[in-house]
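Here is how the chains run, residue by residue.
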Amino acid sequence: MEAVLQSRGLHSLPTNPRNRFLHSSQGLKHRFFTPKPKTLDGSSLTINNGLLFPKPINGFPSKSNIYHGFSKNEKTLFLCKAEAAAAADGSGGEAEKQKFVGIELATLKKIVPLGLMFFCILFNYTILRDTKDVLVVTARGSSAEIIPFLKTWVNLPMAIGFMLLYTKLANVLSKQALFYTVIVPFIAFFGAFGFVLYPLSNYIHPEALADKLLNILGPRFLGPLAIMRIWSFCLFYVMAELWGSVVISVLFWGFANQITTVDEAKRFYPLFGLGANVALVFSGRTVKYFSNLRKNLGPGVDGWAISLKAMMSIVVLMGLVICFLYWWVNNFIPLPTRSKKKKEKPKMGTMESLKFLVSSNYIRDLATLVVAYGISINLVEVTWKSKLKAQFPSPNEYSSFMGDFSTATGIATFTMMLLSQFIFEKYGWGVAAKITPTVLLLTGVGFFSLILFGDPLGPALAKFGMTPLLAAVYVGAMQNIFSKSAKYSLFDPCKEMAYIPLDEDTKVKGKAAIDVVCNPLGKSGGALIQQFMILTFGSLANSTPYLGGVLLAIVLAWLGAAKSLDTQFTALRREEELEKEMERASAVKIPVVSEDKDGNGSLSSSSPLNPASDDSSSSPSESSSESSYPRNN
């Protein structure tokens, strides 16, 4: 669309137009006198620095129009780019920014290192996530029952303590010093664990004391006592969890938001999500490869110790690459300037958040979705890992399976992200919001059915070469793979979209309430339910039927909340569209430059948006709204 300005007279014409055009360069003449002028982007045009040029007649401007700066018939002035004006003055203009595959080189110098950083961070996280489960689940005297106790009584307090420490360090250190101060201890710990702590685990773990206490307290306290028994493995578990929340969420995204503009973020952040799943696939293959090293080793060799050293070496190497990329960007890339004015963020305490959640049906339904997902995924995941240990008791076998699991998760999530746009456009928000709980429900029913009623199904499963336990492991893996892929590609976008049609006050307070109450409640709710079941019924296996019933009730409540929220969301969207239609139907008036009696230009605020009958030669698309006027900032 051509950017134009309706006018009856204007005083910002060049003082000596004849000389300016007669002495223009050949490149500028070619630009102005081409039969089909290049379409100009209105957002890049300015009045103060731009050049006024008349609308061409039959593709070529007449000399009289060039010299006078406007057409007498159409009274239409073209605003050319500032570069053209500079070139006309003889300065030669500012050179066009260099591009590669349609992207400015300055942008590529930021985005490529950021993409590599994100790949390395996620590559490490997949290795650490798979390894932490192998360590705490397959260790002697431990099982999957340790996980809910570990998340509640070790991981949560350490996460809170770390964030308090991080807040204090942020007040006294520069951004670069803070980044290195946080990430270097992680790299050092994982290297020390593979080469020092794990080889010494038989000497530093209080096995005898743990066995004595277990005999006194009984098997129902196996989980809590295992934390003390394998304390170094639990420390690794917590550090791996913190890598995900601290290095990814705090360090990387904080740095990315610091050096990118909004336009760059809109364009490239979605690609980071796809790249994350590529990292998941490659790291899964890496875990699989090193976990299978045991097959080539002789008897009596601790194959898991060798595999662990190799994987921790890769983690340390990737960590050093992350530090190098961070240093390179800070030293060789010009960073965008930011406004130092701080915006006040809404702060809501826990009680205020609870009151707000109760008062709004819409926010209450949205909170139900968040809490239900957190509880449901934890209930199935811990039970599945207990069966996984029973099927693969060796650390190498367990780790090899987890490598395949990570690869499959990356492929499924990548595919779902590509399909998610089609699902939203074809079926709408309601269907997309119900896919995640439906997947959880179907796979959860199949998983718990195989655990509870596996023996009668044994003969039928034997025809496929599977036992009920192996079938339960595969179905549980499918449940985790599809649930996580649906969560990243559908659940998270649905949750964020649900805030859009709300009024500003409800939107801000609702998001604050869910962040304060629902996210922690969803994450810890499943762990607390499992702890209660284990201490009440003696073991995770005895609790399985009850956990299945709890899962069914939660997912049904989730589906009900999604249906209710869909009705409210659709109604709000219709109201919003109706308001937009009414706004478009109403007349919008803007000030234009008009000519007075003396021929001087003056602003007139009474002129309508559409041109008058005598200006009918200009098309409606050539009319300029108020936002098209350039402003000096």
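First things first, this report covers the structure right here in the doc. Here the structure is a predicted model, which means the values were calculated and not measured. (Residues numbered from 1 in each chain as written. Predicted model: local features only at pLDDT ≥ 70, side-chain atom pairs only at ≥ 80, totals over all residues. Heavy atoms only, no water.)

1. Focus: the overall build of the protein
Inference 1: When helices and strands are counted, the protein shows 20 helices and seven strands.
Inference 2: The long-range share in the protein, meaning contacts at least 24 apart out of those at least 6 apart in sequence, stands at 80%.
Inference 3: Accessible area for the protein stands at about 33,000 Å²; split by element, carbon and sulfur atoms hold 62% of it. (Helix = DSSP H or I, 4+ residues; strand = E, 2+ residues; numbered from the N terminus. Contact = heavy atoms within 4.5 Å. Areas by Shrake-Rupley, 256 points an atom, 1.4 Å probe, with all protein chains shown as cover.)

2. Some words on the packing of helix H6 (residues 146–172) against helix H15 (residues 361–391)
The axes of two packed helices give the description: the angle between them and the distance between them.
Inference 1: Interhelical geometry of H6 versus H15 gives an angle of 130° and a closest axis separation of 9 Å. On the basis of their axis angle, the class for H6 and H15 is oblique. Residues Ile147, Pro148 and Lys151 of H6 pack against Asn378, Glu381, Val382 and Lys385 of H15.
Inference 2: By residue class, the composition of the contact of H6 with H15 is three nonpolar, one polar and three charged. (Axes fitted to C-alpha atoms, helices over the stretch in contact; angles between N-to-C directions. Parallel < 35°, antiparallel > 145°, perpendicular 65-115°, else oblique. Nonpolar A, V, L, I, M, F, W, Y, C, P; charged D, E, K, R; others polar.)

3. Digging into the packing of aromatic side chains
Inference 1: This structure, assessed with the given rule, holds 40 aromatic pairs.
Inference 2: Between Trp253 and Phe272, the aromatic rings sit 6.2 Å apart at their centres with planes inclined by 50°, giving tilted as the arrangement. Remark: Phe272 occurs in helix H12 (residues 262–291) and Trp253 occurs in helix H11 (residues 231–259); sequence separation between them is 19 residues.
Inference 3: Looking at Trp253, the relative accessible area reads 24%, which means it is partly exposed.
Inference 4: The buried category is assigned to Phe272, whose relative accessible area is 6%.
Inference 5: These aromatic residues form a ring-pair network of at least three members: Phe162, Tyr166, Phe186, Phe189, Phe190, Phe193, Tyr198, Phe233, Phe236 and Trp243. (Phe/Tyr/Trp six-rings, centres within 6.5 Å; stacked < 30°, edge-to-face > 60°. Buried < 20%, exposed > 50% of the residue type's maximum accessible area, 1.4 Å probe, protein only.)

4. Points about the side chain of Ser543
Inference 1: With respect to the helices, strands and loops of the structure, Ser543 is situated in helix H20 (residues 540–585).
Inference 2: Here the side chain of Ser543 touches Ser539 through a polar contact of 2.8 Å, landing on its backbone oxygen.
Inference 3: Excluding anything up to four places from it in sequence, Ser543 contacts Met533, Ile534 and Phe537. (Polar contact = N/O pair within 3.5 Å; in protein donor to acceptor, adjacent residues only side chain to side chain.)

5. Considerations on the pattern of salt bridges
Inference 1: In this structure the tally under the stated criterion is 13 salt bridges.
Inference 2: Of the charged contacts, one joins Asp404 and Arg285 as a salt bridge, the two residues approaching to 2.3 Å between their closest N and O atoms. With Asp404 in helix H16 (residues 395–452) and Arg285 in helix H12, this residue pair connects regions lying 119 residues apart in the sequence.
Inference 3: Assessed through its relative accessible area of 28%, Asp404 is described here as partly exposed.
Inference 4: A relative accessible area of 38% means that Arg285 is categorised as partly exposed.
Inference 5: Put simply, Lys487 and Asp492 hold a salt bridge, and the shortest N to O gap is 3.3 Å.
Inference 6: Overall, the relative accessible area of 18% leaves Lys487 in the buried class.
Inference 7: Where salt bridges share partners, they join Lys132, Asp133, Glu241, Glu381, Lys385 and Lys484 into one cluster. (Salt bridge = Lys/Arg side-chain N within 4 Å of Asp/Glu carboxyl O.)

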